[in-house]
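A structural walkthrough
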Amino acid sequence: MTSKEDAVRTAGKVMDAVFEKGVDEELSSLEGEELLAEDVRTIRVHAQGETLVDASNDLFKALRNKVFSEIEAPIVQMTAESVVFDRVVKNEFTEHFLGVFMPRERTRYDVTASIKVNVKYLKFERGEV
C-alpha cells in the first residue's frame, strides 16, 4: 500500500465483507399514532435491610425489577401513588466473631409492602422494533 488513502479504502472493503450491509425498512405501523399508554398496578414486594431506610430503598429496587419483568414494553415513567407496609419485623440479635469473640448487637428489618404504582410505557413490544 502506497498511501494512507489506499489503506483506508482497503480497510473499508474488508469491513464491508465482514459486516453485511442490511436493508432499511420503514415501520409505518408506528407512525402517526399515540404510543404512550398508562397502567395502574398494585404490586406486593419484600425486602430486608440493616435499617428501615435500607429496607425501604430495597423495596423500590424490587418494585422496579418486578414492573420491568411484567411489562414487556419500554417504560417511560413509574410513579408510586400509595405505599402500605403489610408486615414489618425488627430482629435484634447478637453477632459473635468466630462464634465467641467480639460480640456486637445487630438489627435487621424485614418489610413486606403493597405499592400502588402508575406506569407509563410505550405500547409496542421490545422485540417488535
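Whatever comes next refers back to the structure up there.
1. Some words on the overall build of the protein chain
- For the protein chain, the helix and strand inventory stands at two helices and three strands.
- In the protein chain, the succession of α and β elements from N to C terminus is α-β-α-β-β.
- By residue count, 21% of the 129 residues in the protein chain fall in the buried class.
- Look at the contacts in the protein chain between residues 6 or more apart in sequence, and 73% of them connect residues 24 or more apart.
- As displayed, the protein chain has an accessible area near 9,700 Å², and 52% of this comes from carbon and sulfur atoms.

2. Concerning the pairing of strand 3 (residues 101-122)
- Looking at chain direction, strand 1 (residues 36-49) and strand 3 are connected through 14 bridges and run antiparallel. Paired with Gln-48 across the two strands is Asp-110, which belongs to strand 3.

3. Here's the deal with the environment of Val-84
- Considering the arrangement of structural elements, one finds Val-84 in strand 2 (residues 75-97).
- Classification of Val-84 as partly exposed rests on a relative accessible area of 41%.
- In the structure, Val-84 is positioned 31 residues away from Ile-115 in sequence and 6.4 Å away in space, judged by C-alpha atoms.

4. Some details on the nonpolar core
- Core analysis: the largest hydrophobic core is formed by 18 residues, its most contacted members being Leu-63, Val-67, Ile-71, Val-119 and Tyr-121.
- Among the elements that take part in this core, strand 3 stands out by supplying seven residues, more than any other.
- Those residues in contact with Val-67 that sit more than four places away from it in its chain are Ile-43, Ile-75, Met-78, Val-117 and Val-119.

5. Brief notes about a nonpolar patch on the surface
- Side chains of Phe-97, Leu-98, Val-100, Phe-101 and Met-102 sit close together on the surface and give an oily, nonpolar patch of about 610 Å² of accessible area.
- Looking at the element boundaries, Phe-101 is found in strand 3.

6. Things to note about the side chain of Asp-110
- Note on placement: Asp-110 falls in strand 3.
- Look past the residues within four positions of Asp-110 in its chain and what remains in contact with it is His-46, Ala-47, Gln-48, Arg-87, Val-88 and Val-89.

7. Considering helix 2 (residues 52-70)
- Between the first and last C-alpha of helix 2 there are 27 Å, a value that for 19 residues agrees with the 27 Å anticipated at 1.5 Å per step.
- Within the span of helix 2, buried status applies to Ala-55, Ser-56, Leu-59, Leu-63 and Val-67. Summarising the axial view, the buried residues of helix 2 lie within an arc of 115 degrees, below the 170-degree limit, and thus occupy one face.
- For helix 2, the secondary structure elements touched by its buried residues are strand 1, strand 2 and strand 3.

Rules of the game
- Residues numbered from 1 in each chain as written.
- Predicted model: local features only at pLDDT ≥ 70, side-chain atom pairs only at ≥ 80, totals over all residues.
- Heavy atoms only, no water.
- Helix = DSSP H or I, 4+ residues; strand = E, 2+ residues; numbered from the N terminus.
- Buried < 20%, exposed > 50% of the residue type's maximum accessible area, 1.4 Å probe, protein only.
- Contact = heavy atoms within 4.5 Å.
- Areas by Shrake-Rupley, 256 points an atom, 1.4 Å probe, with all protein chains shown as cover.
- Pairing = 2+ DSSP bridges.
- Core = buried A, V, L, I, M, F, W, Y, C linked by side-chain atoms within 4.5 Å.
- Patch = residues over 30% accessible without salt bridge, like charges linked within 9 Å, V, L, I, M, F, W, Y side chains within 5 Å.
- Salt bridge = Lys/Arg side-chain N within 4 Å of Asp/Glu carboxyl O.
- Expected span 1.5 Å × (residues − 1).
- Arc of directions from axis to C-beta.

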